[in-house]
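Residue-level listing of the chains:
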Amino acid sequence: MVLRPIVLLTILCAGFLSPTPVAFANETDTDDASVVADFLGRYCLECHDSGSAEGEREFESFKLPISSEQQLITTDEIIDQVTLKSMPPEESSQPTDEERLALLKTLRAGVEQARNLVSGSTGRTVMRRLSNREYEVTLATLFGRRVDTLGLTADFPKENTSHHIDTIGESLVTSGFLLDQYFQAASRLVETRLGKPKMDPKSWHFTDNFQQYEELTGAHRTVFQFEYLALYEQPNTDTRQGGYGHIEDFLEGVPVSGLYDIEVNAQAMHRDTHYDPKIFRIDFSEPFQIAVVPGDATKGHIHYPQAIEPILATAIVPDEQPEWLPFRVWLEAGQTPRFIFPNGPYESRASVIEVNRRYKDEFKTPKVGVSRTSLLREGKLPHIRIGEVKIRGPVEEPHGSAEERAVFGSGGFQEDHALEQLFAFGQRAYRRTLDQSDRDRIAAMYTRRLSEDATPRQAALDTLKMILCSPSFLYLSEITPEEETLLRPYDLASRLSYALWAAPPDQELFDLAESGQLADPAVLKKQVQRMLRSERANEFVNGFLDSWLSLRDIGNLPPPRKAVPAYYAENLPESMKQEARLFFRHLLDENGPATDLLDADYSFVDKKLAKLYGLPEKDSMRLADGFQRVSLAGNRQRGGVLGMAGVLTVSANGVDTSPVTRGVWVLENILGTPPPPPPDDVPTIDANVSGSTTIRERLSKHSQDKTCAVCHRNIDPLGYALETFDPIGRWRIKYPKAKGKGTAAKIDATGKFPSGEEFTNFADFKEKLLETRQQQFTRSLIEKLLAYSTGRHMERADQYEIDDILDRVQVDGGGLQTMVTEVLTSNLFRSR
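Residues numbered from 1 in each chain as written. Predicted model: local features only at pLDDT ≥ 70, side-chain atom pairs only at ≥ 80, totals over all residues. Heavy atoms only, no water.

Residues Asp208, Glu227, Asp249 and Glu252 make up a contiguous surface patch of negative charge. By the element assignment, Glu252 lies in the loop between β3 (244–245) and β4 (258–269). Given the relative accessible area of 52%, Glu252 is considered exposed. (Patch = residues over 30% accessible without salt bridge, like charges linked within 9 Å, V, L, I, M, F, W, Y side chains within 5 Å. Areas by Shrake-Rupley, 256 points an atom, 1.4 Å probe, with all protein chains shown as cover. Salt bridge = Lys/Arg side-chain N within 4 Å of Asp/Glu carboxyl O. Lys, Arg positive; Asp, Glu negative; His and termini not counted. Charge placed at Lys NZ, Arg CZ, Asp CG, Glu CD. Helix = DSSP H or I, 4+ residues; strand = E, 2+ residues; numbered from the N terminus. Buried < 20%, exposed > 50% of the residue type's maximum accessible area, 1.4 Å probe, protein only.)

Here it is as structure tokens:
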């Protein structure tokens, strides 16, 4: 029986990669050992005998039955390579389809027989601390309000990741410096939010002395006498000329942390300017936006970006006349409000220079040059003009502050019940019931502070700090006995809540743990589905995509500002991340097929991405529309994560693209088969394709080295398919010219998988992935979900249960919600 390659591969994926081998009508009773020995001897030992062992793979001693975990791993590798026709290499003698099938049938049977060999020896999660991300979300949950305005982790050591995942226990190390930072963060949070003095609301009204960035001072003094605060550019620029507007007479900031009402009398100036919009790199059809961010004069230049500046509020600025725009924002003690122009012009200095060059004849000033003073007096320079600012606060919150109610309960701190309140908080912070030793430590701390003449409230606050520095809070420490494999309910509840919400269990989940009902798989499944429906599951979406797709790395290698100004002017990184998040969340909510992640006829874009992608919606969408689902039917340039700008940006280096870099990214993140690192003595490949020499030609020459050929045969074709995208994901058909000269080389996106399937372009490449590697992708995604949610990478002993999960997901239709639910109710997730 002779089978075509794609048919063969389909049969292999459907049959021999499943727990139950497929039987063929013409199979013989050939001895298993001879089948393996004959195949390896004929096709493999030339390169992989004990003497050569290329790629550190030695098969001469391999034989059945499988007797060790290492031999099981070797068997998996042989199965994968032979199934995908990656081995033997193309230039070597090739086995017939029947020989491949006979070998794979024999090996898969051997793997199944070895299941008992590794039964009960699956990996274990190292006790891990909270990641910095989880730490901040946890504190926001426990204290009932956002804490990003405090920047509690700003000085923490940079987080280590393992294969881009930030929840792996082995990588989350704790140093003495970090412990000191934990203490400082706990003290600052507790004192700032709960130890602040009670203060009646105050009012401030500012009408002048609106100082600007130094370079603007002369013009504003001459034209406005500092009676206006002007915003000239969006904040993400190099020059810092009018990106941040502050109140010079309020540099000391608000006296205590709290809610403050801010009113700004503002007007959009010259949105109808006759100057060429290309000078300013903005869309004048969009109304101007203003936003409020915190600033701290003690933490850096007040006109520059600062480490702590989350957007607190936004509004649309009117064109016709000044109007009062109200905001209610949270400010920390010492913070002063600053105003920014999110969709403003890009780099005010460059705009002024260009207006001067092109429109100087319109001004009365001498023709030697037009100053900013003349532009403000006579010209039509677009900007936001603020005439007055009113601030009032702290605003009293009904029934006490959110922090007071979250920590001490609805009645606030009660001296007569202080210990009970501290025990209740400790239980929420430790994510389990307190034992007697916990209670003794909390009581001892509270009593000691009272004996040192602290007030009862201060003693309670100091005890809260101790709780927030306890290992029981900082670590996902397990109370399940060492000899037990399955997690007990409290530990299971914590693992689940941190997997989906990056935060402690809510009351419903905690109650089910306390009653023991969470150990029931049916109850666990209902909780998974309930928690996935919550908006809080966006923490899972964001955290997992940052890990799986490496989206947190967007911005680490940004493109040159002059080459791609839109990347900065339109804050494209945030839009890129949001597209992937909304797409993944949609599949979760609708239980859409996980394979849509490989290719789909729709996506979610805002106006910025619609323009970047050249979609027809770019002409009809408005910024105010936010993200909308758009059809990609007939669009062969987009669809699935591989067509998303975020993925294409993070798999490039900001300056140019490399088929090797993107090919490795696909192997690691889509197919779950990362290649080995290159040998130390292999030279790097110049990715510059300017001129007549293309990167394909250079890689072809590089791959002539026998040391490089095997890996590049697997890597390069996957990257060639993505070469029609530039470093920020824009579609292209040619490479850039060499410094604007010469002939631009045309991009060749054709390629061939090691298993023989050829593709002609990006769309064809995705089709081949779906046809031949759908199961491989699904399995890889399951492994990534398990690693992220359990805090450890999967090992060979885990693969049998991964097979079981894969089977259940496929039987149920392959939906993403089904996949996540199966992962979070699996024995692997429920085990230590």
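Once the structure has been displayed, the description carries forward.
Geometrically, the link from Leu64 to Pro65 is a cis peptide bond, its omega value of 0° lying close to zero. Omega for the peptide link from Gly393 to Pro394 comes to 0°, which places this bond in the cis form. As for its position among the elements, Pro394 is in the loop between β9 (383–393) and α13 (402–408). One non-glycine residue with positive phi stands out, namely Arg431, at about 65°. Looking at the secondary structure, you find Arg431 in the loop between α14 (418–430) and α15 (436–451).

Judged by nonpolar contacts, the single largest core of 102 residues is most densely connected at Phe540, Trp548, Phe584, Ile670 and Leu781. With 50 residues, the next largest nonpolar core counts Ala230, Val264, Ile282 and Ala315 among its residues. (Core = buried A, V, L, I, M, F, W, Y, C linked by side-chain atoms within 4.5 Å.)

Right, let's get into the side chain of Asp606. Here Asp606 is to be found in the loop between β10 (602–605) and α24 (607–613). Within the buried core, Asp606 has no salt-bridge partner, and the shortest N-O distance to an opposite charge, that of Lys608, equals 5.0 Å. For Asp606, the side chain forms a polar contact with the side chain of Ser575, separated by 2.8 Å. Residues contacting Asp606, with those up to four places away along its chain left out, are Ser575, Met621, Gly626 and Phe627. (Polar contact = N/O pair within 3.5 Å; in protein donor to acceptor, adjacent residues only side chain to side chain. Contact = heavy atoms within 4.5 Å.)

Looking now at the sheet that holds strand β8 (residues 336–340). Ordered by their spatial adjacency, 4 strands build an open sheet running β3-β8-β5-β6, and the pairing between neighbours is antiparallel. Both outer strands of the open sheet, β3 and β6 (313–316), are each paired with one neighbouring strand and no more. The pairing of strand β5 (residues 289–295) with β6 spans 4 bridges and is classified as antiparallel. The partner of Ile290 across the bridge, within β6, is Ala315. (Pairing = 2+ DSSP bridges.)

Here we come to empty space enclosed by the protein. A water-sized probe rolled over the atoms picks out the places where empty space is left. Inspection of the entire model under this criterion finds 6 cavities of 30 Å³ or more. Lining the largest cavity are 26 residues, with Leu476, Glu478, Asp491, Ser494 and Arg495 positioned closest to its centre. Residue assignment for the lining of the largest cavity shows that the elements contributing at least two residues are α18 (489–500) and α30 (774–790). Sorting elements by how many residues they give to the lining of the largest cavity places α18 first, with 6 residues. A breakdown of the residues in the lining of the largest cavity according to their chemical character gives 11 nonpolar, 8 polar and 7 charged. (1 Å grid on protein atoms, 1.4 Å probe; cavity = no way out; pocket = protein on both sides within 12 Å on 5 of 7 lines; lining within 4 Å. Points joined across faces, edges and corners; volume = space filled by probe spheres on them. Nonpolar A, V, L, I, M, F, W, Y, C, P; charged D, E, K, R; others polar.)

This part takes up the environment of Val36. For Val36, the position within the fold is in helix α2 (residues 32–43). C-alpha separation for the pair Val36 and Leu107, spaced 71 residues apart in sequence, amounts to 7.9 Å. With residues near it in sequence (within four places) discarded, Val36 still touches Phe62, Leu64, Leu103, Thr106 and Leu107.

Time to look at helix α32 (residues 816–824). Within α32, 8 of the 9 residues are buried, which leaves the element mostly enclosed by the surrounding structure. All buried positions along α32 are accounted for by Leu816, Thr818, Met819, Val820, Thr821, Glu822, Val823 and Leu824.

Scanning the entire structure with this criterion turns up 47 salt bridges. With a shortest N-O distance of 3.0 Å, Asp166 and Arg133 are connected by a salt bridge. Separated by 33 residues along the polypeptide, Asp166 in the loop between α7 (132–143) and α8 (176–194) and Arg133 in helix α7 bring together distant segments of the chain. Three or more residues are tied together by salt bridges with common partners; here these are Glu191, Arg448, Arg449, Glu452, Asp462 and Lys465.

On to the packing of α18 against helix α20 (residues 521–533). Close contact between α18 and α20 brings their axes to 10 Å; oriented N to C, the two are set at 25°. Classed by the angle they form, the pair α18 and α20 counts as roughly parallel. In the packing of α18 onto α20, the handedness of the crossing is right-handed. Contacts between α18 and α20 involve Leu492, Leu496, Ser497 and Leu500 from the first element and Leu524, Gln527, Val528, Met531 and Leu532 from the second. Residue classes in the contact of α18 with α20 are distributed as 7 nonpolar, 2 polar and no charged. (Axes fitted to C-alpha atoms, helices over the stretch in contact; angles between N-to-C directions. Parallel < 35°, antiparallel > 145°, perpendicular 65-115°, else oblique. Left-handed = near helix turned anticlockwise from the far one by under 90°.)

Our focus in this paragraph is the side chain of Thr463. Relative to the helices and strands, Thr463 is located in helix α16 (residues 456–468). According to the relative accessible area criterion, Thr463 is buried, its value standing at 0%. From its side chain, Thr463 meets the backbone oxygen of Ala459 in a polar contact 2.8 Å long. When neighbours within four sequence positions are excluded, Thr463 is seen to be in contact with Leu422, Ile442, Met445 and Tyr446.

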